[in-house]
Amino acid sequence: AVEIARKELSGFSFGTAVLEVDESQRLYDDAIYNLTTLSGLIVVLVTLSMSLATSIRIEAVTPMQRMTWLISTIAANPLQQLKISSDSTKTNEATIVENALLRFGSLLQLGFGEAGAKIISGNMKDGAIDATLPGKVRQAIFGFCDIRNFTDCTEVLQGE
């Protein structure tokens, strides 16, 4: 309610007028509008957070789990064949690191062989490499063969 007070103007006097305005419908409409806006905002935020969580799981968590599996597999059995079934079309950082770990494990297998695999798995039992463990003497035979012009022959035969 709005009240207009009595005023006198140049000898004229005015009475008191009372103006009542019903704002309940406007307040109801504002409340419905605010509730609708808030509900829409909640739906958008939930959708975005679910999308972000899925993206993080695909791009970060799953590759980290594969890398952890790869390292623990190398530690448990260094001679096991290492294959990761990942999409070769992806070239993000996680895939590059996975491929580097895979190559590193393959190079370890080639470089150390069966005798070295036992040493590596023994050193990595507790999850960390212990370089202070004493070594073991192994007897081995190494062979070397030099075939003359082998590179030229393979280059010529490669086309056939």
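Details of the structure are given in the entry above.
Bear in mind the structure is a predicted one, so any value in this text is a computation, not a measurement. (Residues numbered from 1 in each chain as written. Predicted model: local features only at pLDDT ≥ 70, side-chain atom pairs only at ≥ 80, totals over all residues. Heavy atoms only, no water.)

Thoughts on the overall build of the chain
Note the cut-off: A run of DSSP states H or I qualifies as a helix once it reaches four residues; a run of E qualifies as a strand once it reaches two. Both are numbered from the N-terminal end. Only protein chains enter the accessibility calculation, which uses a 1.4 Å probe; a residue is then buried when its area is under 20% of its type maximum, exposed when over 50%, and partly exposed in between. Only heavy atoms enter the contact rule, under which two residues are in contact if any of them lie within 4.5 Å.
Counting secondary structure elements, the chain contains three helices and four strands. Going from N to C terminus, the chain has its helices and strands arranged as β-β-β-β-α-α-α. Taking all 160 residues of the chain together, 12% fall into the buried category. Put simply, of all contacts in the chain between residues at least 6 apart along the chain, 48% involve residues at least 24 apart.

Looking at a nonpolar patch on the surface
Threshold: Like-charged residues are merged into a patch within 9 Å and nonpolar side chains (Val, Leu, Ile, Met, Phe, Trp, Tyr) within 5 Å, provided each residue has over 30% relative accessible area and no salt bridge. Per-residue and other accessible areas were derived by the Shrake-Rupley procedure at a 1.4 Å probe size, with only the shown protein chains allowed to occlude residues. The rule for a salt bridge is simple: a side-chain nitrogen of Lys or Arg has to be within 4 Å of a carboxyl oxygen of Asp or Glu.
A contiguous nonpolar patch, built from Leu38, Leu41, Ile42, Leu45, Val46 and Met50 and spanning about 580 Å² of accessible area, is present on the exposed surface. Tracing the chain through its elements places leucine 45 in helix H1 (residues 24-76).

Comments concerning the environment of leucine 101
Summarising the element assignment, leucine 101 is placed in helix H2 (residues 93-123). As a C-alpha pair, leucine 101 and leucine 70 span 31 residues in sequence and 7.7 Å in three-dimensional space. Residues within four places of leucine 101 in sequence aside, it is in contact with Met67, Leu70, Ile71 and Ile74.

What about the pattern of salt bridges?
It is possible for side chains bearing opposite charge to pair when their charged atoms get close. Tallied over the entire structure, the rule returns three salt bridges. Between glutamate 23 and arginine 26 there is a salt bridge, with the nearest N and O atoms lying 3.3 Å from each other. Accessibility expressed as a relative area gives 39% for glutamate 23, which makes it partly exposed. The partly exposed category is assigned to arginine 26, whose relative accessible area is 45%. For arginine 26, the salt bridge goes to aspartate 30, with nearest N and O atoms at 3.1 Å. With arginine 26 and aspartate 30 both in helix H1, this residue pair falls four residues apart, about one helical turn. Take aspartate 30: its relative accessible area is 34%, and that puts it in the partly exposed class. Residues participating in the shared-partner salt-bridge network are Glu23, Arg26 and Asp30.

Details of unusual backbone geometry
Phi is positive for asparagine 149, which is not a glycine, with a value near 55°. Tracing the sequence through the fold places asparagine 149 in the loop between H2 and helix H3 (150-158).

Considerations on the environment of glutamine 109
Looking at where glutamine 109 falls in the secondary structure, it is placed in helix H2. Considered as a pair, glutamine 109 and glutamine 81 are 28 residues apart in the sequence and their alpha carbons are 9.1 Å apart. Setting aside residues no more than four positions away along its own chain, glutamine 109 makes contact with Pro78, Leu79, Gln80, Gln81 and Leu82.

Concerning H1
Our working rule: Expected helix span is computed as 1.5 Å times (number of residues minus one). Bend at a residue means the angle formed by two fitted axes: the first through the 7 residues ending at that position, the second through the 7 residues beginning there.
The end-to-end C-alpha distance of H1, which contains 53 residues, comes to 74 Å, matching closely the 78 Å that a straight helix rising 1.5 Å per residue would cover. The largest bend along H1 measures about 40° and falls at arginine 57. Buried within H1 we find Pro63, Met67, Leu70, Thr73, Ile74 and Ala75.

Regarding the side chain of threonine 73
Using the following cut-off: Definition of a polar contact: a pair of N or O atoms within 3.5 Å, with one able to donate and the other able to accept a hydrogen when the atoms are protein atoms, and with sequence-neighbouring residues admitted only if both atoms are side-chain atoms.
Within the secondary structure layout, threonine 73 lies in helix H1. Residue threonine 73 is classed as buried on the basis of its relative accessible area of 8%. Among the polar contacts listed, one links the side chain of threonine 73 to the backbone oxygen of tryptophan 69, at a separation of 2.7 Å. Excluding residues within four positions of it along the chain, threonine 73 makes contact with Pro78, Gln80 and Leu82.

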